[in-house]
Amino acid sequence: MSALEIAVNAREAGSLLQLVGSENKSLALQRIKQVLIDGKLQILQANALDMKFAKKQVEQGSLSEALYKRLDIKGNNDEKFDTMIKGIDEVDSLQDPTGKVTLSRNLDNDLSLYRVTCPVGVILVIFEARPEVVVNIACLAIKSGNAAILKGGKEASNTNRILNSLINDAINSLSSDTLNFPKNAIQLVESRDQIHQLLQLERYIDLAIPRGSNDLVKYVQNNTRIPVLGHAEGLCSIFLDASCDPIKAVNVVLDAKIDYPAACNAVETLLVHEQCLDSIFPAVALKLLQNGVTLHLDLKSSLSLKSCPNNSEFKAFSDFIVDATDKDYETEYNSLEIAVKVVPSIKDAMAHISHYGSKHTDAIVTENKSNADLFMNSLDSAGVYWNASTRFADGFRYGFGTEVGVSTNKTHARGPVGLEGLTIYKYKLIGNGQGAGEYGIGLGKKPYLHIDI
């Protein structure tokens, strides 16, 4: 099927989806859930093939370890698979985001204006690894009434294919005259050439969402006139303020770095106020080292560890301590590595983040509320946290059910994008035969009432 045919089918499906009620959307999600549970063995077998091939690529140096880890759909004791299935129920339990009246106003008697939420229309989502994204986005799209065209990375081709096939089996089983559920609501493409062609079809596709590397996002942004929602990098920072609590500092930094280093919301830069350099930083550094994290230290932080009373504890980790370069502060490691820089003030910390950061998620650890407010109100990031790990920047953790991606844009949607980020609005005007020429200022003109109702 050509890219044009795929886009046309998606546009038609998107129009039909707007007529599907909340009850039937729920029915579709539950059918998808059951089909995926029944097809678990097929899914895991396909994923094992992808993992086997990807492992060889890692060994050859053609695939990063971070992407390899994201490829696994099973997880420990099936944890990732179960989380994917649970996510369907969580999306299903959310309120339908469409059809909500956000403004109602009488322009005149018998002339009423309503602003009503509606689907974006057709979304094109391009992602790398993480095959569970196929399920996440399919469910979010159906719940929000959008048709979706999906393109996953070739490293997950077998898993993506079986997931899409099972999802469409579920949808097709509901495509009766009674439910009128569109068959082309969710489509998967596998050719890179098709993606380039789809990116030129702004007549049919309303929103492009790239999820993956900086190169992928930049490619999409530079090769389409379709609005693009996404983030180029997840270069997150944590600032240890002068008044930070030592226990909170260790807990927040450790979780943000080691919970899932390959994630875009993992911390990559640690900024340390010089007043807590000798009192708090060594404990944080030691905990990171004990968990296999390589520290890229600037001169001041390096000297601090060398001169601290328990310096002997750090000698065992000498291979995990290296000198930082300017490049380290603009690097998204996606691994057990972190860059450290000492700053003289909170303003210097914010200046560093504004210069090097990616406007994703940044955190401050402090007991000073004024400094916390300054940090959170001044920084221009999609997420700003106080005494909390950057790993909370996630649609699931925000209660969005799951997310279609994380946006650092300043229009339409920002941060983890769930159902609401896949809706826009339209204005509905209900009159009684009036013409605009009847209203205005002057002889014989009627004034508008503009009364909210």
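Residues numbered from 1 in each chain as written. Predicted model: local features only at pLDDT ≥ 70, side-chain atom pairs only at ≥ 80, totals over all residues. Heavy atoms only, no water.

### Some remarks on the domain arrangement of the chain
Then comes step 1: The domain boundaries assigned to the chain delineate domain 1 (3-229 + 404-426) and domain 2 (236-394).
Then comes step 2: Using C-alpha coordinates to define each centre, domain 1 is positioned 34 Å away from domain 2.
Then comes step 3: Carbon and sulfur atoms make up 55% of the area that domain 1 and domain 2 hide from each other, which totals about 920 Å².
Then comes step 4: A per-residue breakdown of the area domain 1 buries against domain 2 is headed by Arg 70, Thr 408 and Arg 414, which together make up 41% of the total.
Then comes step 5: Joining domain 1 to domain 2, the criterion identifies one salt bridge.
Then comes step 6: Measuring nitrogen to oxygen at the nearest pair gives 3.4 Å for the salt bridge that ties Asp 380 to Arg 414.
Then comes step 7: Seen at the junction of domain 1 and domain 2, the total is two residue pairs in polar contact (both at pLDDT 80 or more).
Then comes step 8: When contributions to the side of domain 1 that touches domain 2 are tallied by element, the ones reaching two or more residues are helix H4 (65-71), strand E14 (405-407) and strand E15 (415-417).
Then comes step 9: At three residues, the largest contribution of residues to the side of domain 1 that touches domain 2 is made by H4. (Domains from an automatic or database assignment. Buried area = accessible area lost by both parts, 1.4 Å probe. Salt bridge = Lys/Arg side-chain N within 4 Å of Asp/Glu carboxyl O. Polar contact = N/O pair within 3.5 Å; in protein donor to acceptor, adjacent residues only side chain to side chain. Helix = DSSP H or I, 4+ residues; strand = E, 2+ residues; numbered from the N terminus.)

### Quick word on the pattern of salt bridges
Then comes step 1: According to the stated counting rule, one finds 19 salt bridges in the structure shown.
Then comes step 2: Between Glu 202 and Arg 225 there is a salt bridge, with the nearest N and O atoms lying 2.9 Å from each other. Residue Glu 202 is found in the loop between helix H8 (192-198) and strand E6 (207-211), and its partner Arg 225 is found in the loop between helix H9 (214-222) and strand E7 (236-240); the two are separated by 23 residues along the sequence.
Then comes step 3: You can call Glu 202 partly exposed: its relative accessible area is 32%.
Then comes step 4: What emerges from the salt-bridge pattern is a single network uniting Lys 40, Lys 74 and Asp 78. (Buried < 20%, exposed > 50% of the residue type's maximum accessible area, 1.4 Å probe, protein only.)

### Points about the sheet that holds strand E2 (residues 111-119)
Then comes step 1: Spatially, four strands are ordered E16-E2-E1-E17 in an open sheet, and the strand pairing comes out antiparallel. Edge positions in the sheet fall to strand E16 (423-430) and strand E17 (451-452), since each has one partner strand and no second.
Then comes step 2: Inspection of the sheet shows E2 paired to E16 by eight bridges, in the antiparallel sense. In the sheet register, Pro 119 faces E16, and the bridge partner there is Thr 423. (Pairing = 2+ DSSP bridges.)

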